[in-house]
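Fold and geometry: a report
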Amino acid sequence: MITILVPVKDEEEGIAPFVSRVSVILDALNEPEGWEILFVDDGSRDRTLAEVAVQHARDPRVRCISLSRNFGKEAALSAGLDHAAGRAVIPLDVDLQDPPEVIADMVRSWREGFDVVYGVRRNRESDSLPKRLTADLYYRAHNYLSADKIPEHAGDFRLLDRKVVDVIRMMPERNRFMKGLFAWAGFHQTAVYYDRAEREVGTTKFNYWKLWTLALDGITSGSTLPLRVWSYLGGIVAIGTLFYALYLVLRTIVHGGDVPGYPSLMVAILFFGGVQLISLGVLGEYVGRILVETKHRPIYVVRETIGVPIQPVTR
Ligand code: UDP
Ligand code: MG
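Residues numbered from 1 in each chain as written. Chains lettered and ligands numbered in written order. Predicted model: local features only at pLDDT ≥ 70, side-chain atom pairs only at ≥ 80, totals over all residues. Heavy atoms only, no water.

The protein chain is annotated in an unreviewed UniProt entry as Glycosyltransferase family 2 protein of Sphingomonas oryzagri. Looking at the Subcellular location (unreviewed entry) heading of the UniProt record, one finds this comment for the protein chain: "Membrane". (UniProt positions renumbered as here; feature names shortened; annotations may be inferred.)

What follows is the structure, encoded as structure tokens:
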């Protein structure tokens, strides 16, 4: 069976067009064990869940788990992976920005033996220029800092074999930067390329602040370099200071003491004050996340399901 996993938050107009377009494509796959579309209602406050129930009544292969509040897209994806029945799972946004026709290409590669088939956006013209630039910068920074390289311009739209899904399900962390987890898991991976369209209905749920938070989650969960860099920086500054002190002592011996030096003192104090605050801030980012992890709270809470048994969480 193939599971299409769709996190939805306030997408009432999107449900019906999504189901009608995607089910045609899924039928054409001729997968012997069939397919399911698994919506994860991530605390919607509109008629999203009711719309899904209507679709389920028409076709029981449309199923849903509804979370008790908005937990965010990464948690919603985790909930979906826990409840998906498929031998392959494909997360897909409901807004149809990622063309569902690509599913056929992904399934072809999967049948050839690949475990992960990720979709790569060939162009990002549908995104604004600042979004493209910051996305570009982020992929570079992440892959420079982190040992688990994430493929550039690949979103969550990808096919995951059951083997990979089970690995992700076992991962205990609360901070679920999914792209990082997918990269960490490894397995035989390949790419399919596609053009990304504009959102068909509704509006984006991600503002720049949310994207920044996601970026911090990604980097802090993938790399400890920002923590370690300070000792090297401190070492370099200390060695430099040693030479400067030597020079000052020699100069005082030769020329005698002089009082001026306010500007250089001020610059040094302000500069190192700034550096220390930054390094404290970086520590804070990591310590805060350690606190979240040690609380061992569930990643999401299921309120009700339509057509799916609730899975006990064992993490
Ligand atoms: N989404 C979600 N929970 C959230 C935010 C978004 O489940 O807290 C869903 C949303 O309904 C959509 C998908 O995640 O199906 C991608 O969101 P969106 O299209 O707004 O993101 P963008 O494509 O603009 O990055
Ligand atoms: Mg979108």
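Ligand 1 sits among 18 residues. The nearest are Glu11, Asp42, Asp95, Thr204 and Lys205. At 2.6 Å from an oxygen atom of ligand 1 is found a side-chain nitrogen or oxygen belonging to glutamate 11. Between an oxygen atom of ligand 1 and a side-chain N or O atom of asparagine 70, the distance comes to 3.1 Å. The protein chains hide 94% of the 540 Å² of surface that ligand 1 would expose on its own. (Near = heavy atom within 4 Å. Polar contact = N/O pair within 3.5 Å; in protein donor to acceptor, adjacent residues only side chain to side chain. Areas by Shrake-Rupley, 256 points an atom, 1.4 Å probe, with all protein chains shown as cover.)

Membership of the largest hydrophobic core comes to 34 residues, with the highest contact counts inside it found for Ile4, Phe18, Ile37, Phe39, Ile90 and Ile103. Broken down by element, this core gets its largest block of residues, six residues, from helix H1 (residues 15-27). Once you skip the residues sitting within four places of it in the chain, isoleucine 4 turns out to touch Phe18, Val22, Leu26, Glu36, Ile37, Leu38, Ile90, Leu92 and Ile103. Core analysis: the next-biggest nonpolar cluster, separate from the first, contains 30 residues, Ile65, Tyr118, Val120 and Ala154 among them. (Core = buried A, V, L, I, M, F, W, Y, C linked by side-chain atoms within 4.5 Å. Buried < 20%, exposed > 50% of the residue type's maximum accessible area, 1.4 Å probe, protein only. Helix = DSSP H or I, 4+ residues; strand = E, 2+ residues; numbered from the N terminus. Contact = heavy atoms within 4.5 Å.)

Taken together, Asp95 (OD) and Gln97 (OE1) make up the full set of protein donors to the magnesium ion (ligand 2), lying 1.9 to 2.0 Å away. Here aspartate 95 and glutamine 97 have matching classes, each one buried. (Donors = N, O, S within 2.8 Å, 3.2 Å for Na, K, Ca; no water.)

On to helix H7 (residues 178-185). Where burial is concerned, most of H7 is hidden: seven out of the eight residues are buried. Three or more residues of H7 are buried, namely Met178, Lys179, Gly180, Leu181, Phe182, Ala183 and Ala185. Residues of H7 that are buried in the fold lie against helix H3 (73-83), helix H5 (129-145), strand S6 (154-161), helix H6 (162-170) and strand S7 (189-194). The positive-phi residue at the C-terminal boundary of H7 is glycine 186, with phi of around 80°.

This brings us to the packing of aromatic side chains. The geometry of an aromatic ring pair is captured by two quantities: the separation of the ring centres and the angle between the planes. Evaluated as defined, the whole model comprises six aromatic pairs. Here the aromatic rings of tyrosine 138 and tyrosine 139 are separated by 6.2 Å at their centres, their planes lie at 55°, and the arrangement is tilted. Per residue, the accessibility class of tyrosine 138 equals that of tyrosine 139, and both read buried. Its end group placed over the ring of phenylalanine 71, arginine 69 keeps NZ or CZ at 3.9 Å from the ring centre. (Phe/Tyr/Trp six-rings, centres within 6.5 Å; stacked < 30°, edge-to-face > 60°. Lys NZ or Arg CZ within 6 Å of the ring centre and 35° of its normal.)

Before going further, it helps to examine unusual backbone geometry. Even without a glycine there, the phi angle at leucine 96 is positive, about 60°. Relative to the helices and strands, leucine 96 is located in the loop between strand S4 (88-91) and helix H4 (102-111). Positive phi outside glycine occurs at histidine 296, with the angle close to 55°. In this fold, histidine 296 is placed in the loop between helix H10 (262-294) and strand S8 (302-306).

What follows deals with helix H2 (residues 48-58). An α-helix turns once every 3.6 residues. As a result, residues three or four positions apart point the same way. Buried within H2 are the following residues: Thr48, Leu49, Glu51, Val52 and Gln55. The buried side chains of H2 occupy one side of the element, clustering within an arc of 155° when seen end-on. Where the residues of H2 are buried, they touch strand S1 (2-8), H1, strand S2 (35-41), strand S3 (62-67) and S8. (Arc of directions from axis to C-beta.)

Below, the discussion takes up the UniProt feature "domain: Glycosyltransferase 2-like" (unreviewed entry) in the protein chain. Mapped onto the present numbering, the UniProt feature "domain: Glycosyltransferase 2-like" (unreviewed entry) falls on residues 3-166. Along residues 3-166, the helical share is 41% and the strand share 23%, with 14 Å between the first and last C-alpha atoms.

A large share of S2 lies buried, amounting to seven of its seven residues. Bridge analysis of S1 against S2 gives seven bridges, and the strand direction is parallel. The partner of threonine 3 across the bridge, within S2, is glutamate 36. Read as a crossover between parallel neighbours, the route from S1 over H1 to S2 is right-handed. Summarising the sheet, S2 and S3 pair through five bridges and their orientation is parallel. (Pairing = 2+ DSSP bridges. Right-handed = clockwise from strand over helix to strand, strands pointing away.)

Further remarks concern the layout of surface pockets. Counted as a void, the second largest pocket has a volume near 390 Å³. Those elements that place two or more of their residues in the lining of the second largest pocket are helix H9 (225-255) and H10. No other element matches H9, which puts five residues into the lining of the second largest pocket. (1 Å grid on protein atoms, 1.4 Å probe; cavity = no way out; pocket = protein on both sides within 12 Å on 5 of 7 lines; lining within 4 Å. Points joined across faces, edges and corners; volume = space filled by probe spheres on them.)

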